[in-house]
Amino acid sequence: MVYLDHAATTEVRPEVIAEMAAQLGALGNPSSLHGHGRAARRTVEEARESIAAAVGATPHEVVFTAGGTESNNIAIKGLYWARNAEAPARTRILVSAVEHHAALDPARWMADHQGAVYEELPVDAVGRVTPRVLRDAIERDPDSVAVVSVMWANNEIGTLQPVRELAAVAAEFGVPFHTDAVQAVGVQDVDFADSGVSALTLSGHKLGGPVGAGALVVARGLAPVPVLHGGGQERDIRSGTLPTPLTRGLATAVGLAVAEREEHAEHLASLRDELEAGVREAVPDVVVNGDPDRRLPGIAHLSFPGCEGDALLMLLDARGVSCSTGSACSAGVAQPSHVLLATGVDTEVALSSLRLSLGRTSTMGDVKRLVAEIGPAVERARAARAKRRR
Ligand SMILES: *Cc1c(COP(=O)(O)O)cnc(C)c1O
């Protein structure tokens, strides 16, 4: 079996499993004052410190969450509520048109249920929000912007956003800027302080850590209004008993991913280049989507004209190769990707696409298998579609 869907989720690293296993049986609520609780608290605080060090933040800025989706929800809803409470005219939420649903949907929900104004920042043909676009959007009415959210790296086509420049534009107007860095941590140089962003999302299972564990890094001085209410943990930004083993697993995964980043990114890029070259040879009219210059090293997003992406996925699956047509969250529904549509790709081409995403355990053997399977799969998918159209 060949796994080419690392943008959906990754293998939990053995080092992470070992660290978590050592904690699974430990007794003690990190909020309890006795010895058991204090021991758990020490473990959690060490995890917080190591995550902070890995991403250029202070421990105080790291808020543990249940993953990327929750972090994005807290950032977008919580910062909106905080800003709107200060000034009721601040109702606009600006998000890029290529965000993951975990950022788009909270923003849309705020518009549908909380009186917010939802605005999409358009992207160029490679999927980038330019600083000019953000500036123009804010300048239309600077006092009405509550929060901006633009991802660090796209999960479908891999495009990298000019996050530093975008954050600087938002800062000029005093608007908090959130970035979903789930796909970036461990492959890009993600430094919270240096990037100038106000809040940053990361998730464990996209970088060799446990699923159900993530963090929102929130700059000092910002206080998103909580989405979950309860015991007031995590500076009251995220109530709920801290899962000691998960925090430890997340810290181990983030620490390793950041320490090995350059070597890992090179590994991915060399496999990706080999994969794209091989597919081009097998299917000469393949289209490579995204930004050829500024993109994640581990994602190849390819369109195969005349094919249905879903059919291709199933044909490859039958041959033991796992991949995706886009984001896993919309898989199973044959809808064109909002990301591709936003870059100006037409619906038919968008529906003919596959995302092949590489990871730590990917090998040249995996790439060769995909390259060997793709030609016959494309031929069969084309024939099937032509037959149906007759
Ligand atoms: C996977 C992913 C998410 C969601 O993270 P979960 O931890 O699965 O909730 C959010 N944003 C991006 C870019 C992702 O790739």
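Structural notes on the overall build of the protein
Helix and strand content of the protein: 13 helices and 12 strands. For the protein, whose C-alpha radius of gyration is 21 Å, the value lies close to the compact-globule estimate of 21 Å for 390 residues. With the C-alpha coordinates aligned to their principal axes, the bounding extent of the protein is approximately 70 × 55 × 35 Å. Once local pairs closer than 6 in sequence are excluded, the contacts in the protein between residues at least 24 apart make up 75%. As displayed, the protein has an accessible area near 16,000 Å², and 54% of this comes from carbon and sulfur atoms.

Looking at the pairing of strand 5 (residues 145-149)
Buried residues dominate strand 5, accounting for five of its five residues. Bridging between strand 3 (residues 92-96) and strand 5 involves four bridges; their strand directions are parallel. Across the sheet, the residue bridging to Val95 is Ser149, located in strand 5. Sheet topology places strand 5 next to strand 6 (residues 177-180); two bridges connect them, and they run parallel.

Concerning the nonpolar core
In terms of nonpolar packing, the biggest core is built from 88 residues, with Leu134, Val148, Phe177, Leu200, Leu202 and Phe304 touching the most fellow members. For this core, the two domains that each supply at least three residues are domain 1 (14-259) and domain 2 (261-388). Excluding residues within four positions of it along the chain, Phe304 makes contact with Val279, Val283, Val286, Leu312, Ser352, Leu354, Ile374, Val378 and Arg382. Among the nonpolar cores identified, the runner-up in size contains 19 residues, and Leu79, Ala146, Leu216 and Val218 belong to it.

A short note on the sheet that holds strand 4 (residues 117-121)
One open sheet holds the seven strands; their spatial order is 2-8-7-6-5-3-4, and the pairing between them is mixed. Two strands close off the open sheet at either side, each with one partner strand: strand 2 (62-65) and strand 4. Across the sheet, the mean angle separating the axes of adjacent strands is 20° when strand polarity is ignored. Of the strands in this sheet, strand 2, strand 7 (199-203) and strand 8 (214-218) touch helix 2 (residues 35-55), which is tilted by about 115° from strand 2. Lying over the sheet, helix 8 (residues 244-259) contacts strand 2, strand 7 and strand 8, oriented at roughly 100° with respect to strand 7.

A look at the site of the ligand
What surrounds the ligand is the set Gly67, Gly68, Thr69, His100, Met151, Asn155, Asp180, Val182, Gln183, Ser203, His205 and Lys206. Ser203 has a polar side-chain atom sitting 2.7 Å from an oxygen atom of the ligand. A distance of 2.7 Å separates an oxygen atom of the ligand from a polar atom in the side chain of Lys206. Within the complex, 89% of the 380 Å² of free accessible area of the ligand lies under protein. Across the shell around the ligand, the residue classes tally to two nonpolar, eight polar and two charged.

Some words on the packing of helix 2 against helix 8
The contact between helix 2 and helix 8 brings their axes to 9 Å, and the two run at 25°. With respect to helix 8, the element helix 2 is oriented roughly parallel. Along this stretch, helix 2 crosses helix 8, giving a crossing that reads as left-handed. For the pair formed by helix 2 and helix 8, the contact residues are Ala40, Thr43, Val44, Ala47, Ser50, Ile51, Ala54 and Val55 on the first element and Thr244, Thr247, Arg248, Leu250, Ala251, Val254 and Val258 on the second. Among the residues making up the contact of helix 2 with helix 8, the classes are represented as 10 nonpolar, four polar and one charged.

A word on the domain arrangement of the protein
For the protein, the assigned domains are domain 1 (14-259) and domain 2 (261-388). Inter-centroid distance (C-alpha atoms) of domain 1 to domain 2 is 29 Å. Carbon and sulfur atoms make up 59% of the area that domain 1 and domain 2 hide from each other, which totals about 2,200 Å². Taken as a group, Glu156, Ile157 and Val187 account for 33% of the area that domain 1 buries against domain 2, more than any other trio of residues on that side. Our count for the domain 1 to domain 2 interface comes out at zero salt bridges. The interface formed by domain 1 and domain 2 holds seven residue pairs in polar contact (both at pLDDT 80 or more) in total. Looking at the side of domain 1 that touches domain 2, the elements with two or more residues in it are helix 4 (101-113) and helix 8. For the side of domain 1 that touches domain 2, the per-class residue count stands at 13 nonpolar, 10 polar and five charged.

Looking at the packing of helix 1 (residues 14-24) against helix 8
Between helix 1 and helix 8, the shortest axis-to-axis distance is 8 Å and the interhelical angle comes to 160°. The angle between the axes of helix 1 and helix 8 places the two elements in the roughly antiparallel class. Considering the relative orientation of helix 1 and helix 8, their crossing is right-handed. On helix 8, the residues touching Glu15, Val16, Glu19, Met20, Gln23 and Leu24 of helix 1 are Thr244, Pro245, Leu246, Arg248, Gly249, Thr252, Ala253 and Leu256.

As for empty space enclosed by the protein
By the definition in use, this model includes two cavities of 30 Å³ or more. Reported here for the largest cavity is a volume of approximately 40 Å³. Taken together, Phe64, Thr65, Gly212, Ala213, Gly214, Pro243, Leu246, Thr247 and Leu250 make up the lining of the largest cavity. Where the lining of the largest cavity is concerned, the elements lending two or more residues are strand 2 and helix 8. Looking at the lining of the largest cavity, the element that brings in the most residues is helix 8, giving three residues. Each residue belonging to the lining of the largest cavity can be placed in one class, and the counts come to five nonpolar, four polar and no charged.

Each value, and the rule that gives it
- Residues numbered from 1 in each chain as written.
- Predicted model: local features only at pLDDT ≥ 70, side-chain atom pairs only at ≥ 80, totals over all residues.
- Heavy atoms only, no water.
- Helix = DSSP H or I, 4+ residues; strand = E, 2+ residues; numbered from the N terminus.
- Rg over C-alpha atoms; globule rule 2.2 N^0.38 Å.
- Contact = heavy atoms within 4.5 Å.
- Areas by Shrake-Rupley, 256 points an atom, 1.4 Å probe, with all protein chains shown as cover.
- Buried < 20%, exposed > 50% of the residue type's maximum accessible area, 1.4 Å probe, protein only.
- Pairing = 2+ DSSP bridges.
- Core = buried A, V, L, I, M, F, W, Y, C linked by side-chain atoms within 4.5 Å.
- Domains from an automatic or database assignment.
- Axes fitted to C-alpha atoms, helices over the stretch in contact; angles between N-to-C directions.
- Near = heavy atom within 4 Å.
- Polar contact = N/O pair within 3.5 Å; in protein donor to acceptor, adjacent residues only side chain to side chain.
- Nonpolar A, V, L, I, M, F, W, Y, C, P; charged D, E, K, R; others polar.
- Parallel < 35°, antiparallel > 145°, perpendicular 65-115°, else oblique.
- Left-handed = near helix turned anticlockwise from the far one by under 90°.
- Buried area = accessible area lost by both parts, 1.4 Å probe.
- Salt bridge = Lys/Arg side-chain N within 4 Å of Asp/Glu carboxyl O.
- 1 Å grid on protein atoms, 1.4 Å probe; cavity = no way out; pocket = protein on both sides within 12 Å on 5 of 7 lines; lining within 4 Å.
- Points joined across faces, edges and corners; volume = space filled by probe spheres on them.

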